[in-house]
Amino acid sequence: MVELQGIPVSPGVAIGPALVLDAAGYRIPRSLLAADEVEAEFARLRDAVDRVSTRLESNRLETSAVAGEHTGDIFAAQLQMLHDPRLQAELRRRIEQEHQSAAYAVSRVLHNYAEALRKLDNPLLADRAEDVLDIEKQLLFCLGAVSESRLVDLDETVIILSHVLTPSETANLDRRYVRGFCTETGGPGGHTAIVAKGLELPAVVGIGNFLDLVGNRIKVIVDGDRGRVILDPDPETLASYKKRLKERRSLTAKLSELRDLPAETIDGTPLRLSANIEFPHETTTCIERGADGIGLYRTEFLYLSSAEEPSEEDHYQAYSQVVREMEGRPVVIRTLDLGADKMGHRPLAEYEHNPFLGLRSIRLSLRNLDLFRPQLRAILRAAVHGDISVMFPLITTLAEFRQARMLLNVVAEDLKESGTPHRSNIPVGMMVEVPAAVMMLDRFVEEVDFLSIGTNDLAQYTLAVDRSNEYVADLYQSSDPAVLRLIARCVEVAKEHDCPLSICGEMSSNPARALLLMGMGVRHLSVPPSSLLRVKKAIRSVSIGQCEQIAERVMQLEAARDVDLYLLDRLGEYVPELIVT
Ligand code: PEP
Ligand code: MG
């Protein structure tokens, strides 16, 4: 048994056989060769190297013809790398002396080579690492170890163990078979984490190198509550986790009794409790768990989960489905938040050194009107079917908000002129996700119809911590006093101007932090569907006075750790059922 510690990003426990993906996410057959298979295996490798060489040479010729010799040289360099005598000798050694399969040897050697280049912290060499991984992929393809598309042909339940999983890969995991996952990289606020929560897949990320320890099919426990991953558990550990799974199921059954009860404190202060979704089908769970509406619909997942770029009609169908299935409850559609760790079909920006500070979100939409306009049209068209609001992400300046709102008006005019059914008088709000917006909030509230604080990005930009970077995960805390002060200011300004305010970052999905936010004066939270009933349970277990005392005490503390310890204590006192043991 081996126990590993990582970052818990999606709660729950999953037990099952491992499916190991290598650095780029391919399956690695790790079987050892019998002595009489070695020669044939080496011949297979030679054949793969020849086929890749031919491909690279033809890439070089074609690219040189179309884009000039300089560009074609990229493939000449790859060809040189592929034939590097040290690389070839190492592959040969692993097959002949260690009896590794050709695919396994390729995947290990090239992965290590790419990692070594990346670690040199030199952007030019890091780019070469991508070339190495490209060669790896092509060799593995020729060896029959990977198909071009990944994870499509599962036929049994698995736990995915991978170096990295992108948000779109996570979104495309086959829920019939994938029970949970753990990755070597990744941070607590990345979108992979958010998708995992949305799919209710127990997940642990940022574990560091561990894939070398594992082979396919060994039993794995993913403990998404505590960030633990247990490889090959002993019978005692297995039994205790099976018991926990049972306890969780009975807590879920108990919580489901709260579905139709109001989210209010024991002395009657109401909280509007909405849900965050990434996919239309999630509305079923939202209704089952008594959501008051959709407080955040992350529409970019329409892009990330489909093979082709969605059309206006695809947008319209998705939004209409959501608003219809929510049966009159309010739905807040957040416009595309692509960029940074959420990339779509086409490269929307040139290479960026700091993509989280780059052309992402509303900035990207405003510069790609052929992308943005169809979405805005679809939102206004779908609004005839129910209570729809629209909000713009990552608003930093007043000019951005004005530009986006103006575009919405232009689109409404177009729809009117062409006689297309739509509704133009929908509320228009903004997400508060950067400190600049908080500082200028007194101006924004004069123009917006509502505010929604995105604490995931607000924490990232306030603390200067990349939300998906495991190396600084300990610093990424939405309970940091600096973030709390910004939230307090938002609540104050919104109240002064009578502007509706909600919080839709992951922070509100934590029952203890939800009590704090309630105490700070927030009356609308939007949380992942998996957290609706837990948050409702917490709110129904306290008085508003207790929440206010919590907030008063917390605002005197100086560090996120102190805040979280104090909040955990209070949760243990008021709602012990929700403390995970
Ligand atoms: C946020 O930043 O808090 C938020 C809700 O948006 P996202 O997580 O999609 O960036
Ligand atoms: Mg955000």
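Per an unreviewed UniProt entry, the protein chain goes by the name Phosphoenolpyruvate-protein phosphotransferase and belongs to Stieleria magnilauensis. Reading the Sequence similarities (unreviewed entry) entry of the UniProt record for the protein chain gives the comment "Belongs to the PEP-utilizing enzyme family." The annotation that UniProt attaches to the protein chain under Catalytic activity (unreviewed entry) is "L-histidyl-[protein] + phosphoenolpyruvate = N(pros)-phospho-L-histidyl-[protein] + pyruvate".

Some points on the side chain of S508
If you trace the backbone, S508 turns up in the loop between β15 (501–503) and α19 (511–519). Judged by its relative accessible area of 0%, S508 falls in the buried class. A distance of 3.5 Å separates the side chain of S508 from the backbone oxygen of I503, its partner in a polar contact. Those residues in contact with S508, other than ones at most four positions away along the chain, are I503, A514, L517, L525, S526, V527 and V535.

Points about empty space enclosed by the protein
As enumerated under the stated definition, the model contains three cavities of 30 Å³ or more in all. Of the pockets and cavities examined, the largest cavity occupies roughly 70 Å³. Those elements that provide at least two residues to the lining of the largest cavity are β10 (294–298) and α17 (455–463). Taken together, the residues of the lining of the largest cavity break down into three nonpolar, four polar and seven charged.

Comments concerning helix α20 (residues 532–539)
One turn of an α-helix holds 3.6 residues; hence residues three or four places apart share an orientation. Burial analysis of α20 places seven of its eight residues in the buried class, the great majority of the element. Those residues of α20 lying buried are L532, L533, R534, V535, K536, A538 and I539.

A closer look at the pattern of salt bridges
Taken as a whole, this structure holds 35 salt bridges when the rule is applied. Note that R51 is salt-bridged to D47, the shortest N-O span being 3.7 Å. Within this pair, R51 and its partner D47 are both found in helix α1 (residues 38–67), separated by four residues, close to a single helical turn. A relative accessible area of 41% means that R51 is categorised as partly exposed. For D47, a relative accessible area of 39% gives the class partly exposed.

Quick word on the coordination of the magnesium ion (ligand 2)
On the protein side, the magnesium ion (ligand 2) has E433 (OE) and D457 (OD) as donor atoms, found 2.0 Å from it. Taken together, the residues E433 in the loop between β13 (428–432) and α15 (435–439) and D457 in helix α17 connect sequence positions 24 residues apart. The burial state of E433 is the same as that of D457; both residues are buried.

Quick notes on the packing of aromatic side chains
If you walk through the whole model with that rule in mind, you get four aromatic pairs. Between the aromatic rings of F279 and F301, the centroid separation amounts to 5.8 Å while the plane-to-plane angle is 65 degrees, which identifies the pairing as edge-to-face. In this pair, F279 sits in the loop between β9 (272–277) and α9 (283–288) while F301 sits in helix α10 (residues 301–304), placing the two residues 22 residues apart along the sequence. Of the residues examined, F301 reaches a relative accessible area of 0% and is grouped as buried. Here the aromatic cluster, defined as three or more aromatic residues joined through ring pairs, consists of F372, F392 and F401.

Here's the deal with the nonpolar core
Counting 130 residues, the largest nonpolar core has F392, L451, I487 and L525 as the members making the most contacts within it. Both of domain 1 (2–24 + 149–254) and domain 3 (257–461 + 501–578) provide at least three residues apiece to this core. Setting aside residues up to four positions removed in sequence, I487 forms contacts with I453, T455, L458, I503, M507, L517 and M520. Judged by nonpolar contacts, the second largest core, of 31 residues, contains V52, L56, A103 and L133.

Overview of the packing of α19 against helix α22 (residues 560–574)
Between α19 and α22, whose axes approach to 9 Å, the crossing angle comes to 95 degrees. It follows from the interaxial angle that α19 and α22 lie roughly perpendicular. Contact with α19, carried on its side by P511, A512, R513, L515 and L516, involves D564, L567 and L571 of α22 and no other residues of that element. Here the contact of α19 with α22 is built from residues that sort into six nonpolar, no polar and two charged.

Things to note about the domain arrangement of the protein chain
You'll often see interface size given as the accessible area lost when the parts meet. Domain parsing of the protein chain yields domain 1 (2–24 + 149–254), domain 2 (35–142) and domain 3 (257–461 + 501–578). Using only C-alpha atoms to locate each centre, domain 1 and domain 3 end up separated by 27 Å. The interface of domain 1 with domain 3 comprises 16 residues on the first partner and 22 residues on the second. For the domain 1 and domain 3 pair, buried surface summed over both sides reaches about 1,600 Å², with 54% attributable to carbon and sulfur atoms. The largest per-residue losses of area from domain 1 upon contact with domain 3 belong to H191, I194 and K197, which jointly make up 34% of the total buried on that side. Across the domain 1-domain 3 interface, the total number found is two salt bridges.

Things to note about the pairing of strand β3 (residues 13–20)
Within β3, eight of the eight residues are buried, which leaves the element mostly enclosed by the surrounding structure. In this structure, β3 lies alongside strand β7 (residues 219–223), joined through five bridges in antiparallel fashion. Opposite P17, over in β7, you have K219 as the bridge partner. The pairing of β3 with strand β4 (residues 158–162) spans three bridges and is classified as parallel. Residue pairing in the sheet places L19 in a bridge with I160 of β4.

A word on the site of ligand 1
Inspection of the region around ligand 1 gives 16 residues, with R298, R334, E433, G454 and N456 positioned closest. Here an oxygen atom of ligand 1 sits 2.8 Å away from a polar atom, N or O, in the side chain of R334. Here an oxygen atom of ligand 1 and a side-chain polar atom of R467 are 2.8 Å apart. Coverage of ligand 1 by the protein chains reaches 100% of its 290 Å² of free accessible surface. When contributions to the shell around ligand 1 are tallied by element, the ones reaching two or more residues are α7 (191–199), β10 and α17. Looking at which element gives the most residues to the shell around ligand 1, the answer is α17, with three residues. Here the residues of the shell around ligand 1 sort into four nonpolar, five polar and seven charged.

What to know about the sheet that holds strand β6 (residues 203–205)
Across the sheet, eight strands lie side by side as β1-β8-β7-β3-β4-β5-β6-β2; this open sheet has mixed pairing. Two strands lie at the open edges of the sheet, namely β1 (2–5) and β2 (7–10), each paired on one side alone. The sheet shows a mean angle of 30 degrees between the axes of neighbouring strands, taken without regard to direction. Contacts between α7 and the sheet are confined to β2, β5 (178–183) and β6, with β2 contributing the most and set at about 50 degrees to the helix. Contacts between helix α8 (residues 235–255) and the sheet are confined to β3, β7 and β8 (228–231), with β3 contributing the most and set at about 125 degrees to the helix.

Definitions and limits used
Residues numbered from 1 in each chain as written. Chains lettered and ligands numbered in written order. Predicted model: local features only at pLDDT ≥ 70, side-chain atom pairs only at ≥ 80, totals over all residues. Heavy atoms only, no water. UniProt positions renumbered as here; feature names shortened; annotations may be inferred. Helix = DSSP H or I, 4+ residues; strand = E, 2+ residues; numbered from the N terminus. Buried < 20%, exposed > 50% of the residue type's maximum accessible area, 1.4 Å probe, protein only. Polar contact = N/O pair within 3.5 Å; in protein donor to acceptor, adjacent residues only side chain to side chain. Contact = heavy atoms within 4.5 Å. 1 Å grid on protein atoms, 1.4 Å probe; cavity = no way out; pocket = protein on both sides within 12 Å on 5 of 7 lines; lining within 4 Å. Points joined across faces, edges and corners; volume = space filled by probe spheres on them. Nonpolar A, V, L, I, M, F, W, Y, C, P; charged D, E, K, R; others polar. Salt bridge = Lys/Arg side-chain N within 4 Å of Asp/Glu carboxyl O. Donors = N, O, S within 2.8 Å, 3.2 Å for Na, K, Ca; no water. Phe/Tyr/Trp six-rings, centres within 6.5 Å; stacked < 30°, edge-to-face > 60°. Core = buried A, V, L, I, M, F, W, Y, C linked by side-chain atoms within 4.5 Å. Domains from an automatic or database assignment. Axes fitted to C-alpha atoms, helices over the stretch in contact; angles between N-to-C directions. Parallel < 35°, antiparallel > 145°, perpendicular 65-115°, else oblique. Buried area = accessible area lost by both parts, 1.4 Å probe. Pairing = 2+ DSSP bridges. Near = heavy atom within 4 Å. Areas by Shrake-Rupley, 256 points an atom, 1.4 Å probe, with all protein chains shown as cover.

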